[in-house]
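Observations on the three-dimensional arrangement
If you want the building blocks of each chain, they are given just below.
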Amino acid sequence: MKITCAGVGYVGLVTGVCLASKGHEVTFYDVDPQKIDMLKNKQLPIYEEGLQELLDEYFHRMSFTSKPSEAYSSSDVIMIAVGTPEKKDGSANLTYVYSVVSDIAEHVNQDCVVVVKSTVPVGTNEKIERALLQEFQISNTNKPDIMLEVVSNPEFLAQGTAVENTLNPSRIVIGSETEWAKNVIDKVYADFKCPKVYTDRQSAEMIKYASNVFLSVKISFINEIANLCEKMGANVEDVAMGMGLDNRIGNQFLRAGIGYGGSYFPKDTKALHWLSQYQNCELKTVKAAIEVNQTQRFRPMQLLSAVYGELSGLSVAVLGLSFKPGTDDVRESPSHTIIPLLLDENVLVKAWDPIAINNFQKVHPELEHDSNIEYYSSLTDCIKDTDACIILTEWNDVKNLSENEYIKLMHQPVIIDGRNCYPIDRFQSHNVTYLSIGRPQKSVSRSDMYDSI
Ligand code: UGA
């Protein structure tokens, strides 16, 4: 089939490349000609494991353009995968989605199913279809009528494992209004072996939000339990394991830490909460999850202050700038909270990340000439002569670092582990202050800590 992906971000690019690997002819469209030029030269504008290999192998089935006329005129299916950023009030900004819809209406020349991959508020697919049909009629008074339908087909890929999630999805959700559109989308996914959920568009839109928001609530719940565990001398990892063995609870997304980041959970929780308020049916659990997540980010600062009191003049390594390992995406990453706070305290910040330094720097042009922040691509150079290491992202490089290296390289071996990267007893027999989240803390007397945190 001929498929166009509008938007070459994580969703559009990964989906399109994976569909090309299944035999479809895929055209990629983006407003940014620089990204399109990179792709034409087989260069990826994002990092995602396994994506480069697929791009190279199935390149012959792909084309790239920043001209709407080339992208939208002759495709069987157009997938909208552009951003829906958060507005100030928490609701979703649909400007990019509607801009694609206008372009499709102007250029489409044949029967076509328009698939909304972007996460949009419940009810939006219907509005998009209305806008598409109206604009099509206005722009094409002389053209014969064609069949156009909008289908909701949310994606469930996670960054870092996006290719694997797309090729082997847990489920495919298809929200459509007619048999014709449902059958077209069925053909797109004919080669995918997983449960398929056929439903109406509103339910498909809600499945997407409810799934992401449920996982966010689960994370905030375990983080609150973690904070209570610390007070009670319990170990949240054992608690999570004991809970997760119950199939009704499940063992995933119960990793305590400094909260969820990325471009989906923070945005989607706020958007669904906004929507619920707008409908006068507030989701109170979601409101609480958002609040918990915002506070949880400050834990490393609280722990560092519990150890040192005064922070001015310390040299601190911040390990991990991306919101999670396996991606260079820094959106809503805890590094944006922690690093400015450390700088405000007059700390020398040594920041390390294997792939996300450039993206972090782009978000913080104000730090360009700040001599109190240094960036490192070598982990050992970064932690050398520091008074503390704060782990914000559980990269394997960090997990594989030996206790001896910390001891040998650091000025003061104080490790604040915001992601519980190490077994709790890892530093037991060493002269290391190791503080993590929701587990019994070592080297700071408990009563001292609780007084100060
Ligand atoms: C998330 C969902 O997992 C995907 O299913 C969904 O398709 C995607 O959003 C989307 O809407 O497009 P993603 O944000 O890439 O994917 O990453 P996750 O692996 O879900 O992690 C999100 C955040 O939660 C990260 O900051 C991670 O560190 C944190 N997390 C995750 C925890 O703090 N604890 C956990 O147990 C799991």
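Residues numbered from 1 in each chain as written. Predicted model: local features only at pLDDT ≥ 70, side-chain atom pairs only at ≥ 80, totals over all residues. Heavy atoms only, no water.

1. Let's talk about the sheet that holds strand β13 (residues 414–417)
Spatially, the six strands line up as an open sheet ordered β11-β10-β9-β12-β13-β14, and their pairing is parallel. A single partner strand is all that each edge strand has here, and the edge strands are β11 (373–376) and β14 (433–435). The sheet shows a mean angle of 15 degrees between the axes of neighbouring strands, direction not considered. Bridging between strand β9 (residues 315–319) and strand β10 (residues 348–352) involves five bridges; their strand directions are parallel. In the sheet register, L319 faces β10, and the bridge partner there is W352. Against the sheet, helix α13 (residues 299–308) engages β9, β12 (388–391), β13 and β14, with an angle of about 155 degrees to β13. Contacts from helix α14 (residues 335–344) reach β9, β10, β11 and β12, with the element oriented near 160 degrees to β10. (Pairing = 2+ DSSP bridges. Helix = DSSP H or I, 4+ residues; strand = E, 2+ residues; numbered from the N terminus. Axes fitted to C-alpha atoms, helices over the stretch in contact; angles between N-to-C directions. Contact = heavy atoms within 4.5 Å.)

2. Some points on the domain arrangement of the protein chain
Domains assigned within the protein chain are domain 1 (2–199), domain 2 (209–295) and domain 3 (297–452). Relative to domain 3, the C-alpha centre of domain 1 lies at a distance of 39 Å. Facing the five residues of domain 1 at the interface are eight residues of domain 3. A buried area of about 560 Å², summed over both sides, lies between domain 1 and domain 3, and 41% of it is on carbon and sulfur atoms. For domain 1, the biggest contributors to the area lost against domain 3 are Y10, Y47 and Q159; these three give 77% of the whole. Scanning the region where domain 1 abuts domain 3 turns up zero salt bridges. Our count for the domain 1 to domain 3 interface comes out at five residue pairs in polar contact (both at pLDDT 80 or more). Of the residues contributing to the side of domain 1 that touches domain 3, the split by class is three nonpolar, two polar and no charged. (Domains from an automatic or database assignment. Buried area = accessible area lost by both parts, 1.4 Å probe. Salt bridge = Lys/Arg side-chain N within 4 Å of Asp/Glu carboxyl O. Polar contact = N/O pair within 3.5 Å; in protein donor to acceptor, adjacent residues only side chain to side chain. Nonpolar A, V, L, I, M, F, W, Y, C, P; charged D, E, K, R; others polar.)

3. Some thoughts on helix α9 (residues 201–232)
Each full turn of the α-helix corresponds to 3.6 residues, which orients residues three or four apart in the same direction. Between the first and last C-alpha of α9 there are 46 Å, a value that for 32 residues agrees with the 46 Å anticipated at 1.5 Å per step. At the N-terminal end of α9, a side-chain oxygen is found 3.2 Å from the backbone nitrogen of Q202, two or three residues along, and the residue is D200. At the exit of α9 stands G233, carrying a positive phi of roughly 75 degrees. (Expected span 1.5 Å × (residues − 1).)

4. Some words on helix α5 (residues 95–107)
Under the 1.5 Å per step criterion, the end-to-end length of α5 is 19 Å for 13 residues, consistent within 8% with the ideal 18 Å. Among all positions of α5, only V97, V100, V101, D103, I104, A105 and H107 are buried. Lining the buried residues of α5 we find β1 (2–6), β2 (25–29), α4 (68–72), β4 (77–80), β5 (112–116) and α6 (124–139). (Buried < 20%, exposed > 50% of the residue type's maximum accessible area, 1.4 Å probe, protein only.)

5. Some remarks on the pattern of salt bridges
As enumerated under the stated definition, the model contains 16 salt bridges in all. A salt bridge links R130 to E126, with the shortest nitrogen-to-oxygen separation between them at 3.6 Å. Pair noted here: R130 and E126 are both in helix α6, with a separation of four residues, about one helical turn. Among the residues examined, R130 registers a relative accessible area of 49% and is labelled partly exposed. A salt bridge links K267 to D268; its shortest N-O distance comes to 3.4 Å. The exposure classification of K267 matches that of D268, with both residues buried.

6. Some words on the site of the ligand
The immediate surroundings of the ligand are formed by 19 residues, with E155, L157, Q159, K208 and N212 found nearest. Within the backbone of R255, an N or O atom sits 2.8 Å from an oxygen atom of the ligand. Coverage of the ligand by the protein amounts to 94% of the 710 Å² it exposes when considered alone. Here the shell around the ligand takes three residues from α9, the largest share from any one element. Tallied by class, the residues present in the shell around the ligand amount to 10 nonpolar, four polar and five charged. (Near = heavy atom within 4 Å. Areas by Shrake-Rupley, 256 points an atom, 1.4 Å probe, with all protein chains shown as cover.)

7. Quick notes on the pairing of β1
Of all five residues in β1, four are buried; the element is thus mostly enclosed. With five bridges connecting them, β1 and β2 associate as parallel partners. Bridged to C5 within β2 is F28. As for the winding sense of the linkage, the β-α-β connection from β1 through helix α1 (residues 10–21) to β2 is right-handed. The pairing of β1 with β4 spans four bridges and is parallel. Directly across from A6, in β4, lies its bridge partner I80. (Right-handed = clockwise from strand over helix to strand, strands pointing away.)

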